[in-house]
Amino acid sequence: MTTVTVDRLELEDKVRAMYRAVAENPGGEYHFELGRTLAERLGYPPEVLDRVPAGAVESFAGVGYFLDLAGLREGDRVLDLGSGSGMDSFATALAVGGHGRVTGIDMTPAQLDKAERLRTEGGFLTVDFTLGQIDELPFPDGTFDVVISNGVINLAPEKARVFAEAARVLRPGGRLALADIVTERPFTEQIVCNTELWASCIGGAAQEDTYQGAITAAGFSVRAVRPNDYRFISRRARNATDIYGVKSVSLLARLPGSAAGRR
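The structure contained in this document is the topic of the report that follows.

What counts as what
- Residues numbered from 1 in each chain as written.
- Predicted model: local features only at pLDDT ≥ 70, side-chain atom pairs only at ≥ 80, totals over all residues.
- Heavy atoms only, no water.
- Axes fitted to C-alpha atoms, helices over the stretch in contact; angles between N-to-C directions.
- Helix = DSSP H or I, 4+ residues; strand = E, 2+ residues; numbered from the N terminus.
- Left-handed = near helix turned anticlockwise from the far one by under 90°.
- Contact = heavy atoms within 4.5 Å.
- Nonpolar A, V, L, I, M, F, W, Y, C, P; charged D, E, K, R; others polar.
- Buried < 20%, exposed > 50% of the residue type's maximum accessible area, 1.4 Å probe, protein only.
- Pairing = 2+ DSSP bridges.
- Right-handed = clockwise from strand over helix to strand, strands pointing away.
- Phe/Tyr/Trp six-rings, centres within 6.5 Å; stacked < 30°, edge-to-face > 60°.
- Core = buried A, V, L, I, M, F, W, Y, C linked by side-chain atoms within 4.5 Å.
- Expected span 1.5 Å × (residues − 1).
- Arc of directions from axis to C-beta.
- Lys, Arg positive; Asp, Glu negative; His and termini not counted.
- Salt bridge = Lys/Arg side-chain N within 4 Å of Asp/Glu carboxyl O.
- Parallel < 35°, antiparallel > 145°, perpendicular 65-115°, else oblique.

Remarks on the packing of helix α8 (residues 159-169) against helix α11 (residues 208-217)
It is at 8 Å that the axes of α8 and α11 come closest, and there the two elements cross at 35°. Read as a crossing pair, α8 and α11 show a hand that is right-handed. When α8 is examined against α11, the residues K159, A160 and F163 are found in contact with a partner set consisting of Y211, A214 and I215. Taken together, the residues that form the contact of α8 with α11 break down as five nonpolar, no polar and one charged.

In structure tokens:
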């Protein structure tokens, strides 16, 4: 997967601005849907959403459901790439129990501030959040059993580095479970260089075969892929969907080796 010609600093500024708004004003107008109605349509069980902090659910901007694919077990150590206001992190914490641990990493301070407040108020003692980049993870090799992500890797200019970092911090036999935006046909250079469209989860989407190729190049074996009932809202976003086959998929991949005795 080649590095695209997008201004990374400009992109990061626009992504932070976009997701600061999502954290602070979830009722605003965006290219994409937010909140509980979206989460339920994507497949999140209502009984799980009832146990997750409402503030995290209202700012949920994911593109699919994948936690069932992750095969989460009691005691798993899980890393959430681009954790936002924390909905997937909190839902995961419920699944891995008191002996598990969930770490969320995000580059938007407003999202982290909200997630940390909700963590404290909700008593989620096995969850922590940290500021950082998903293509340069501040964790030692082999720290986690599972890496998850929801609608975030498409925002990264260097996706191959993201997958390589995910592989590095996973133990042997570790799982990568995610939902993301991909395309059926390549975008034009004009779209790829448009940082506003990148920040809206459109311009940075890779072709699906290229995306999966970057995952396998990092050492993973792709085990499952399924489509999601995800829809963009704005006319501009819907036009891209129609022309380029922009869509959401959930995916499970695994590293070789055994995870036995990992704890």
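Observations regarding the pairing of strand β4 (residues 144-150)
Along β4, seven of the seven residues are buried, which leaves the element largely enclosed by surrounding structure. With six bridges joining them, β4 and strand β5 (residues 170-183) adopt parallel strand pairing. Residue pairing across strands places V147 opposite L176, the latter belonging to β5. At this point the chain moves from β4, through α8, to the parallel β5, and the crossover so formed is right-handed.

Quick notes on the packing of aromatic side chains
Counted by the stated rule, this structure contains eight aromatic pairs. Summarising the aromatic geometry, the rings of F163 and Y211 are spaced 5.3 Å apart at their centres and angled 85° between planes, so their arrangement reads as edge-to-face. Here Y211 lies in helix α11 and F163 lies in helix α8, a separation of 48 residues in the sequence. Look at Y211 and you get buried, because its relative accessible area is 2%. Relative to F232, the ring of Y230 has its centre 5.3 Å away and its plane inclined at 85°; by these criteria the two rings are edge-to-face. Like F232, Y230 is buried.

A short note on the pairing of strand β8 (residues 247-254)
Among the eight residues in β8, six count as buried, and that is most of the element. By the bridge criterion, eight bridges tie β5 to β8 in an arrangement that is antiparallel. Considered in β8, the bridge of D180 is made with V249.

Regarding the nonpolar core
One broad trend across soluble globular proteins is that nonpolar side chains are buried collectively. One finds F32, Y44 and M87 to be the most contacted residues of the largest nonpolar core, which totals 56 residues. Other than its neighbours up to four places away in sequence, Y44 contacts A39, L49, F60, G64, Y65, F66, L67, M87, D88 and N150. Core analysis: the second largest hydrophobic core is formed by 30 residues, V162, A167, L170 and I215 among them.

Topic: helix α1 (residues 8-24)
The end-to-end C-alpha distance of α1, which contains 17 residues, comes to 24 Å, matching closely the 24 Å that a straight helix rising 1.5 Å per residue would cover. All buried positions along α1 are accounted for by L11, E12, V15, M18, Y19, V22 and A23. The buried residues of α1 all sit within an arc of 140° when viewed along its axis, so they share a single face. In α1, the exposed positions angled more than 90 degrees off the buried face are occupied by L9 and E24.

Re the side chain of D80
Inspection of the secondary structure puts D80 in strand β1 (residues 77-81). At 13 Å, R119 is the nearest oppositely charged side chain to D80, a buried residue that forms no salt bridge. Excluding anything up to four places from it in sequence, D80 contacts D88, S89, T103, G104, I105, I148 and S149.

Observations regarding the packing of α1 against helix α7 (residues 109-122)
Packing of α1 against α7 brings their axes to within 7 Å, and their N-to-C directions diverge by 30°. Classified by the angle their axes make, α1 and α7 are roughly parallel. Contacts between α1 and α7 involve R16, Y19, R20, V22, A23 and E24 on the former and, on the latter, P109, A110, Q111 and K114. Residues that form the contact of α1 with α7 fall into these classes: five nonpolar, one polar and four charged.

A look at the environment of F32
Relative to the assigned elements, F32 resides in the loop between α1 and α2 (36-42). Accessibility expressed as a relative area gives 3% for F32, which makes it buried. Counting along the chain gives 67 residues from F32 to H99, while the straight-line C-alpha distance between them is 35 Å.

What to know about the pattern of salt bridges
Tallying each qualifying case throughout the model produces 19 salt bridges. The closest approach of N and O atoms between D229 and R41, which form a salt bridge, is 3.5 Å. A residue pair is termed long-range when its members are at least 10 positions apart, and D229 in the loop between β7 (221-227) and α12 (235-244) and R41 in helix α2 qualify at 188 residues. Using a relative accessible area of 38% as the deciding quantity, one classes D229 as partly exposed. Linked by salt bridges that have partners in common, E33, R41, D229 and R231 make up one network.

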